[in-house]
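Here are the chains, one letter per residue:
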Amino acid sequence: GDSVTQMEGPVTLSEEAFLTINCTYTATGYPSLFWYVQYPGEGLQLLLKATKADDKGSNKGFEATYRKETTSFHLEKGSVQVSDSAVYFCALSDLLGRDDKIIFGKGTRLHILP
Amino acid sequence: AAGVIQSPRHLIKEKRETATLKCYPIPRHDTVYWYQQGPGQDPQFLISFYEKMQSDKGSIPDRFSAQQFSDYHSELNMSSLELGDSALYFCASSLDSNEQFFGPGTRLTVL
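Residues numbered from 1 in each chain as written. Chains lettered and ligands numbered in written order. Predicted model: local features only at pLDDT ≥ 70, side-chain atom pairs only at ≥ 80, totals over all residues. Heavy atoms only, no water.

## Details of the overall build of chain B
The helix and strand inventory of chain B stands at 0 helices and 11 strands. In chain B, the order of α-helices and β-strands from amino to carboxyl end is β-β-β-β-β-β-β-β-β-β-β. For chain B, the C-alpha radius of gyration of 13 Å lies close to 13 Å, the compact-globule estimate for 111 residues. On the principal axes, the C-alpha backbone points of chain B span a range of 40 × 25 × 25 Å. Across the 111 residues in chain B, those meeting the buried criterion constitute 48%. (Helix = DSSP H or I, 4+ residues; strand = E, 2+ residues; numbered from the N terminus. Rg over C-alpha atoms; globule rule 2.2 N^0.38 Å. Buried < 20%, exposed > 50% of the residue type's maximum accessible area, 1.4 Å probe, protein only.)

## Remarks on the nonpolar core
Among the nonpolar cores identified, the biggest contains 26 residues, and Trp35, Leu47, Leu48, Phe73, Leu75 and Tyr88 of chain A are the most heavily contacted of them. Of all the elements, strand S10 (residues 86-94) of chain A adds the most residues to this core, at 4 residues. In this structure, Leu11, Leu21, Ile26 and Leu46 of chain B belong to the second largest nonpolar core, which totals 22 residues. (Core = buried A, V, L, I, M, F, W, Y, C linked by side-chain atoms within 4.5 Å.)

## A few points about the state of the cysteines
Throughout this description, disulfide means a covalent bond between two cysteine sulfur atoms. Residues and elements named next belong to chain A. Tallied over the entire structure, the rule returns 2 disulfides over all chains. Two residues share a disulfide in this structure: Cys23 and Cys90, whose sulfurs sit 1.9 Å from each other. Handedness here is read from the sign of the S-S torsion; for Cys23 and Cys90, about -70°, the answer is left-handed. Here Cys23 is found in strand S4 (residues 23-26), whereas its partner Cys90 is found in strand S10, with 67 residues between them in sequence. (Disulfide = S-S within 2.5 Å.)

## Topic: the interface of chain A and chain B
At the junction of the two partners, chain A supplies 17 residues and chain B supplies 19 residues. Approximately 1,500 Å² of surface area, both sides summed, lies buried where chain A meets chain B, with 51% of it carried by carbon and sulfur atoms. Scanning the region where chain A abuts chain B turns up 3 salt bridges. Across the salt bridge formed by Lys106 of chain A and Asp42 of chain B, the nearest N and O atoms sit 3.4 Å from each other. Every element with two or more residues in the side of chain A that touches chain B is listed here: strand S5 (32-38), strand S6 (44-50) and strand S11 (99-104) of chain A. (Contact = heavy atoms within 4.5 Å. Buried area = accessible area lost by both parts, 1.4 Å probe. Salt bridge = Lys/Arg side-chain N within 4 Å of Asp/Glu carboxyl O.)

## As for the sheet that holds strand S3 (residues 19-21) of chain A
All names here are of chain A. On the basis of which strands lie adjacent, the open sheet formed by 4 strands has the order S3-S9-S8-S7 and antiparallel pairing. A single partner strand is all that each edge strand has here, and the edge strands are S3 and strand S7 (56-59). Each strand of the sheet is rotated relative to its neighbour by a mean of 15°, with strand direction disregarded. (Pairing = 2+ DSSP bridges. Axes fitted to C-alpha atoms, helices over the stretch in contact; angles between N-to-C directions.)

## A word on the packing of aromatic side chains
Using the criterion set out here, one finds 13 aromatic pairs over all chains in the structure. Consider the rings of Tyr25 of chain A and Tyr66 of chain A, whose centres lie 6.0 Å apart with planes at 80°: the pair is edge-to-face. Linking Tyr25 of chain A in strand S4 with Tyr66 of chain A in the loop between strand S8 (62-65) and strand S9 (75-77), this pair joins segments that are 41 residues apart in sequence. Of the two residues examined, Tyr25 of chain A and Tyr66 of chain A, each falls in the buried class. Plain terms: the ring middles of Phe104 of chain A and Tyr35 of chain B are 5.9 Å apart, the flat faces sit at 85° to each other, and that makes the pair edge-to-face. With Phe104 of chain A in strand S11 and Tyr35 of chain B in strand S4 (residues 31-37), the pair connects residues from two separate chains. (Phe/Tyr/Trp six-rings, centres within 6.5 Å; stacked < 30°, edge-to-face > 60°.)

## Brief notes about the environment of Pro114 of chain A
Residue and element names in this part refer to chain A. Take Pro114: it is sitting in the segment after strand S12 (108-113). You can call Pro114 exposed: its relative accessible area is 84%. Sequence separation between Pro114 and Lys60 is 54 residues, and the spatial gap between their C-alpha atoms is 19 Å.

## So, the sheet that holds strand S8 (residues 74-78) of chain B
Residue and element names in this part refer to chain B. Strand order in the open sheet made by the 4 strands is S1-S3-S8-S7, with antiparallel pairing throughout. Here the strands that pair on one side only, and so sit at the sheet edges, are strand S1 (5-7) and strand S7 (64-68). Here the strands of the sheet are splayed against their neighbours by 15° on average, with no regard to which way each runs. Note: S1 against strand S3 (residues 19-24), 3 bridges, orientation antiparallel. Directly across from Ser7, in S3, lies its bridge partner Lys22.

## Points about the layout of surface pockets
By volume, the largest pocket amounts to about 390 Å³. Around the largest pocket sit 22 residues that line it, and Gln38, Val87 and Arg109 of chain A together with Gln37 and Gly40 of chain B are the ones nearest its centre. Broken down by secondary-structure element, the contributors of at least two residues to the lining of the largest pocket are S10 and S12 of chain A together with strand S9 (87-94) and strand S11 (106-110) of chain B. With 3 residues, S10 of chain A is the largest single contributor of residues to the lining of the largest pocket. Split into classes, the residues belonging to the lining of the largest pocket amount to 9 nonpolar, 9 polar and 4 charged. A volume near 160 Å³ is recorded for the second largest pocket. Broken down by secondary-structure element, the contributors of at least two residues to the lining of the second largest pocket are strand S1 (3-6) and S11 of chain A together with strand S5 (44-50) of chain B. Per-class residue counts for the lining of the second largest pocket are 6 nonpolar, 4 polar and 3 charged. (1 Å grid on protein atoms, 1.4 Å probe; cavity = no way out; pocket = protein on both sides within 12 Å on 5 of 7 lines; lining within 4 Å. Points joined across faces, edges and corners; volume = space filled by probe spheres on them. Nonpolar A, V, L, I, M, F, W, Y, C, P; charged D, E, K, R; others polar.)

Below is the structure:
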């Protein structure tokens, strides 16, 4: 079945450092790809998404590009802030194939030190 | 803009009791999804409804049941609660199976 693999955490960085969280996926169809963020004690928020190959999703300084050839959707940010500390989930959903449940990766906890 | 509403936000139950979680989707959304997130885990899909009919089923225990009502709100009923049912339960809604919008979750604690 479809699955998502993302780098294990926790990831600890200093403020203003460059961030990369790797994510690869396995899918039988042509999925849409997402990054969700979960701040401590809160629910899931959609951070960004991409629905087709070479699409770049971006939001709040975060970016991720849908790479079909490498089945990847790595999350990047050029300069992280303490407020970015959270758990980040890479996810996919086969919207076109009507298998619209979201499959999440295990999550990567990010700690940003001031 | 209106968001997905879940109630209650927090619930504490004893083992073997029952619990009912409610989800009110964004107005005009026709599909509701339920996910369970155990402590330190990723969310796992439980069940979904489209136009009041069950559309997909995931790893939902037989002790759990759910339905979607005529006003599109959904309820997740959990019986014979076990310690392992302690989790954050998310509801999400969508229109025509497009982007899912998540509610804030209900945190269930089973003692």
